[in-house]
Amino acid sequence: MVKGREETDMLGLNFSSRKDGNCGDFLQFLKQQTKQRFVVKWIHDFAFDGCGPCSYECIQGSCLKKDSFSELMAWMDREEEYFFVMPLYNGNLPSAFYCLLERLSPRLHEEAEERRFWKKTRILLIGNPGHGLECALHTLESLYWNAGQKTDILVFSAMDYGMKATRDRLIEEKEVRTKLIKAAGEAD
Ligand SMILES: Cc1cc2nc3c(=O)[nH]c(=O)nc-3n(C[C@H](O)[C@H](O)[C@H](O)COP(=O)(O)O)c2cc1C
């Protein structure tokens, strides 16, 4: 929480292709649990691509793309902490996350900004061991390490609860809710 303020403004960003699946459930639950102002957004509400085609104009000043990325940035700049909730798809992190990383690169090129960004980012990852989780975790951990920040990643594996995440609602599992309540508590 920012010193001298009663509230931290938090942004929960859903990286799933579907708005109202497990990632959406997690964010709604976190919003209910936290005492802070918690804004929930779906990454696909913002139409933007990854980088290119270009000649790295962003390095000289500004990106050529005119899309909804600036709208997303306005939200991200406004909020002080982020909860990124993301699923695994086909053994990997969602492409929307990579698009975000690419488009953030001119900002995150600045070491101080990179540190600040990863310090305020908390990741909730839905995925199963043996189905891409290990590799995705390594990728995410590297992002925190490169920024000199300690990792802040919570994993939810449907197979731990005898569930299938494409079919079942993980939020119905008590252990999942307990983990989310703890995460919300740490944010308060
Ligand atoms: C097309 C597709 C591919 C998936 N691939 C993986 C995978 O490789 N590894 C994994 O652990 N889960 C995989 N999943 C499961 C999703 O991570 C899981 O369904 C998650 O709950 C999706 O988020 P949502 O419920 O918010 O939509 C896949 C799901 C879909 C629909």
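Scoring rules and cut-offs
- In this numbering scheme, every chain counts its residues from 1 along its sequence in written order.
- With the structure being a predicted model, the display of local features is reserved for residues of pLDDT at least 70 and the display and counting of side-chain atom pairs for 80 or more, all residues being used for whole-chain, interface and lining totals.
- By the criteria applied, helices consist of DSSP H or I runs no shorter than four residues and strands consist of E runs no shorter than two, each listed in order from the N terminus.
- Residues with at least 20 neighbouring C-beta atoms inside 10 Å of their own are called buried, those with 12 or fewer are called exposed, and the rest are partly exposed, where every C-beta is derived from the backbone.
- In this description, any two residues whose backbone-derived C-beta atoms lie within 7 Å of each other are considered to be in contact.
- Each axis is a line fitted through C-alpha atoms, taken for helices only over the stretch in contact, and angles between the N-to-C directions span 0 to 180 degrees.
- Note on angle classes: values under 35 degrees are labelled roughly parallel, values over 145 roughly antiparallel, values of 65 to 115 roughly perpendicular, and the remainder oblique.
- Helix crossings fall into two classes, left-handed where the near helix is turned counterclockwise from the far one by less than a right angle and right-handed where it is turned clockwise.
- Only the C-beta atom matters for nearness: placed from the backbone, it must lie within 6 Å of the molecule or strand for the residue to count as near.
- For this scheme, ten residues count as nonpolar: Ala, Val, Leu, Ile, Met, Phe, Trp, Tyr, Cys and Pro. Four count as charged, namely Asp, Glu, Lys and Arg, and the remainder, Gly too, count as polar.
- UniProt positions are given in the numbering used here, feature names are shortened, and annotations may be inferred rather than shown by experiment.
- In these notes, a nonpolar core means any group of buried Ala, Val, Leu, Ile, Met, Phe, Trp, Tyr and Cys residues linked to one another through C-beta atoms within 7 Å.
- Each helix should span, by expectation, one fewer than its residue count multiplied by 1.5 Å.
- Strand pairing is assigned whenever DSSP identifies at least 2 bridges connecting the two strands.

You'll find the chain entered in an unreviewed UniProt entry as NADPH-dependent FMN reductase-like domain-containing protein, with Eisenbergiella tayi given as the organism.

(A) Just the overall build of the chain, in detail. Scanning the chain for helices and strands turns up seven helices and five strands. Listed N to C, the secondary structure of the chain is β-α-β-α-α-β-α-α-β-α-β-α in terms of helices and strands. Each principal axis of the C-alpha distribution contributes one length, and for the chain these read about 50 × 45 × 30 Å. Sorting the 188 residues of the chain into buried and exposed places 23% on the buried side. Considering only contacts in the chain between residues 6 or more positions apart, those separated by 24 or more positions represent 73%.

(B) Fine view of the packing of helix α1 (residues 22-33) against helix α7 (residues 174-187). Following both chains from N to C, one finds α1 and α7 inclined at 50°, their axes separated by 9 Å at the closest point. One element, α1, and the other, α7, form an angle in the oblique class. In the packing of α1 onto α7, the handedness of the crossing is right-handed. Only Arg 177, Leu 180, Ile 181, Ala 183 and Ala 184 of α7 make contact with α1, whose side of the interface consists of Phe 26, Phe 29, Leu 30 and Gln 33.

(C) Structural detail: the site of the ligand. Taken together, 19 residues form the shell around the ligand, and within it Ser 16, Gly 21, Cys 23, Pro 87 and Ala 165 come nearest. If you tally residues by element for the shell around the ligand, the top one is α1, at three residues. For the shell around the ligand, the class distribution of residues is seven nonpolar, eleven polar and one charged.

(D) Highlighting the UniProt feature "domain: NADPH-dependent FMN reductase-like" (unreviewed entry) in the chain. The UniProt record annotates "domain: NADPH-dependent FMN reductase-like" (unreviewed entry) at residues 10-146. Taken as a whole, residues 10-146 contains 46% helix and 18% strand, while its terminal C-alpha atoms sit 24 Å from one another.

(E) Representation of the nonpolar core within the structure. If you look at the biggest cluster of nonpolar residues, it comprises 30 residues, and the most contacted ones within it are Phe 15, Val 85 and Met 86. Of all the elements in the fold, those that place two or more residues in this core are β1 (9-14), α1, β3 (81-87), α4 (95-108), β4 (121-126), α6 (133-146) and α7. Setting aside anything within four residues of it in sequence, one finds Met 86 in contact with Phe 15, Cys 23, Leu 93, Pro 94, Phe 97, Ile 123 and Leu 125.

(F) Examining α7 more closely. Between its first and last C-alpha atoms α7 spans 20 Å; for 14 residues at 1.5 Å apiece the expected length is 20 Å, and the two agree. Where α7 is buried, its residues meet α1 and β5 (153-156).

(G) Representation of the sheet that holds β3 within the structure. An order of β2-β1-β3-β4-β5 is seen for the five strands of this open sheet, with the pairing classed as parallel. On the outer flanks of this sheet lie β2 (37-42) and β5, each paired with one strand and no other. Looking at each pair of strands side by side, their axes are set apart by 15° on average, direction ignored. In this sheet, β4 lies alongside β3 in parallel orientation, the contact comprising six bridges. Looking at the pairing, Tyr 82 lines up with Thr 121 of β4.

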